[in-house]
There are 2 protein chains.
Amino acid sequence: MKSPQPSPAPARTDHDLPTATALKLWVVLSRAQWAVQQVSINDIESHGLSPAEFAIIEVLFHKGPMLLGEVQRKVLVSSGGITFLVDKLAKRGLVERRECPSDRRARYAALTPEGEALMHEIFPAHAAAIRDAVAGLPVDEQKTLISALKALGKEAERVASETPRCKKAVAELNNSAS
Amino acid sequence: MKSPQPSPAPARTDHDLPTATALKLWVVLSRAQWAVQQVSINDIESHGLSPAEFAIIEVLFHKGPMLLGEVQRKVLVSSGGITFLVDKLAKRGLVERRECPSDRRARYAALTPEGEALMHEIFPAHAAAIRDAVAGLPVDEQKTLISALKALGKEAERVASETPRCKKAVAELNNSAS
DNA sequence: ACTATAAATCTTACTTCTAAGATATTACCA
DNA sequence: TGGTAATATCTTAGAAGTAAGATTTATAGT
């Protein structure tokens with residue numbers, strides 16, 4: 001029963017403590033992730049790259065050449081999306097496709113020397129930006145936070161994989177866990 | 001299958017401990033947020049709503065009618081985006097625009113009775129899904145995590161607002177802090 | 001060998017969202 | 001008052017991505 005007032009009473013839905021805590025956690029988790037992401041995006045776009053483009057060249061930089069499908073799962077885009085993005089990066093000379101000798105359906109994505117040079121040039125500053133973004137906590141508390149978030153994420157992935165719609169996405173993510 | 005590659009040495013960039021810890025934290029933070037988001041999206045899409053649509057009706061449900069610009073800042077979409085989304089929700093009869101008596105430029109967005117009824121019907125289960133998604137940690141650890149993430153987010157927002165590109169977005173976000 | 005199925009990428013059509021500017025209204029201030 | 005800037009929303013064009021299916025190649029059972 002809400003009062004039929006000019007400004008309708010906002011709904012109260014924080015029934016029990018565990019649920020209220022969970023919703024609060026979900027808000028601050030999203031907001032913290034968003035804020036760090038802004039710092040990351042800021043740095044990335046200052047180099048004329050989109051976040052998805054950077055994610056691709058970063059994974060290639062750290063793991064070496066990789067099948068398009070593997071990149072796709074790591075970067076969490078659709079198969080059409082990875083084609084689109086690699087096309088763009090190839091046009092800019094940062095990435096190239098290579099044939100797979102053992103499977104003629106497959107293509108590797110690999111950094112060109114230009115792409116490699118770009119990452120050597122910009123990645124250290126990017127890492128420093130992330131370091132500054134999370135500097136609200138001292139390093140030892142960051143380590144505690146890492147443990148907690150790992151436990152949280154692990155269970156959340158399990159719960160997500162139990163519901164029908166997302167099974168595939170989560171399964172693929174787990175597959176790509178290096 | 002994959003051939004044993006003479007893979008070009010992957011780049012090592014974890015120079016110092018603080019930076020390595022920060023990068024690790026950024027990964028697990030993103031991944032935990034992503035996993036909980038999958039659970040949330042799963043639930044939302046099972047009701048035929050997009051995440052952005054749900055975000056709008058959720059904020060209207062909890063805070064009551066609100067100027068389009070306020071909704072926009074809370075939901076973090078562009079001004080064109082809020083017009084597009086409210087149009088869609090209005091077509092489905094969940095939301096309506098109302099004139100603002102004191103400012104003829106402005107419009108309120110408000111839930112219709114149908115929108116209100118829908119949220120009463122689906123929100124408790126949504127909150128329960130979030131509660132289950134974060135159940136990897138006991139409630140008292142969740143509270144510790146909330147404090148840590150608040151400190152992290154606060155500093156990250158400050159750092160983000162120092163860089164030119166994002167000043168506006170972060171400032172607006174801070175404005176909308178209720 | 002043959003067939004069916006699966007896998008890897010690409011294509012197409014479409015959805016969602018942004019950026020920039022248009023429009024209308026309000027606020028400020030000389 | 002009148003002029004300028006600010007505010008609130010909407011419009012338009014296009015970017016960025018998805019989903020579904022097409023294409024090509026590989027794998028496995030018979």
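See the structure printed just above.
Here the structure is a predicted model, which means the values were calculated and not measured. (Residues numbered from 1 in each chain as written. Chains lettered and ligands numbered in written order. Predicted model: local features only at pLDDT ≥ 70, side-chain atom pairs only at ≥ 80, totals over all residues. Heavy atoms only, no water.)

## Topic: the sheet that holds strand β2 (residues 95–99) of chain A
Residues and elements named next belong to chain A. As a reminder, the rule being used: In this description, strands pair whenever DSSP reports at least two bridges between them. The helix count covers DSSP runs of H or I at least four residues long, the strand count covers runs of E at least two residues long, and both are numbered beginning at the N terminus. Residues count as neighbours in contact if any of their non-hydrogen atoms are within 4.5 Å of one another. Note on method: axes are straight lines fitted to C-alpha atoms, helices fitted across the in-contact stretch only, with angles between N-to-C directions ranging 0 to 180 degrees.
Strand order in this open sheet of three strands is β1-β3-β2, and the pairing throughout is antiparallel. The strands lining the two open edges of the sheet, one partner per strand, are β1 (66–67) and β2. Two elements, β2 and strand β3 (residues 107–111), share five bridges in a ladder whose sense is antiparallel. Pairing of R98 across the sheet is with Y108, part of β3. Each of β1, β2 and β3 is contacted by helix α2 (residues 51–63), which is oriented at about 85 degrees to β3, the strand it contacts most.

## Here we look at the interface of chain B and chain A
Selection rule: Accessible-area loss on putting two parts together, using a 1.4 Å probe and summing over both, is the definition of buried area adopted here. The working definition used for a salt bridge is a side-chain nitrogen of Lys or Arg within 4 Å of a carboxyl oxygen of Asp or Glu. Polar contact is defined as a pair of N or O atoms within 3.5 Å, subject to the rule that within protein one atom must be able to donate a hydrogen and the other to accept it, and that residues adjacent in sequence are counted only when both atoms are side-chain atoms.
Between chain B and chain A, the residue contacts involve 76 residues of the former and 76 residues of the latter. Of the roughly 7,000 Å² buried at the junction of chain B and chain A (both faces included), carbon and sulfur atoms supply 73%. Of all residues in chain B, W26, W34 and N42 of chain B bury the most surface against chain A, accounting for 9% of the area lost on that side. Where chain B touches chain A, the interface holds two salt bridges. The partner of E157 of chain A in a salt bridge is R31 of chain B, and the shortest N-O contact between them spans 3.0 Å. One can count two residue pairs in polar contact (both at pLDDT 80 or more) joining chain B with chain A.

## What to know about the relation of the copies chain B and chain A
As a reminder, the rule being used: Each copy is superposed on the other by least squares, with the fit set by C-alpha atoms of residues at a pLDDT of at least 70 in both.
Rotating chain B by 180 degrees and translating it 0.0 Å along the rotation axis places it on chain A, where the RMSD comes to 0.0 Å. Here the transformation between the copies is reduced to the relation of a two-fold axis. A share of 93% of interface residues in chain B that are also interface residues in chain A marks the association as one of identical surfaces.

## A few points about the pairing of strand β3 (residues 107–111) of chain B
Both faces of the sheet carry side chains from a regular strand, because those side chains alternate between them. Pairing between strand β1 (residues 66–67) of chain B and β3 of chain B: two bridges, direction antiparallel. Bridge pairing in β3 of chain B places M66 of chain B opposite A109 of chain B.

## Examining the protein's contact with DNA strand D
Rule in force here: Any residue with a non-hydrogen atom lying within 4 Å of a molecule or strand is treated as near it. Throughout, the ten residues Ala, Val, Leu, Ile, Met, Phe, Trp, Tyr, Cys and Pro are labelled nonpolar, Asp, Glu, Lys and Arg are labelled charged, and all others, Gly among them, are labelled polar.
Neighbouring DNA strand D are 23 residues, the closest being S78 of chain A together with L68, G69, S79 and R105 of chain B. Per the 4 Å cut-off to the protein, sugar and phosphate atoms form 69% of the nearby atoms of DNA strand D. Within the side chain of R97 of chain B, one N or O atom sits 3.0 Å away from a phosphate oxygen of DNA strand D. Listed by contribution, the elements that provide at least two residues to the surface near DNA strand D are α4 (79–91) of chain A together with α3 (68–75) and α4 (79–91) of chain B. A breakdown of the residues in the surface near DNA strand D according to their chemical character gives nine nonpolar, seven polar and seven charged.

## What to know about the environment of P51 of chain A
Residues and elements named next belong to chain A. Selection criterion: For every residue, the accessible area (1.4 Å probe, protein chains only) is compared with the maximum for its type, and the residue is labelled buried under 20%, exposed over 50%, or partly exposed between those bounds.
Position of P51 relative to the elements: it lies in helix α2. Of the residues examined, P51 reaches a relative accessible area of 34% and is grouped as partly exposed. Sequence separation of P51 and I41 is 10 residues, and the distance between their C-alpha atoms is 6.1 Å. Residues contacting P51, with those up to four places away along its chain left out, are I41, I44 and E45.

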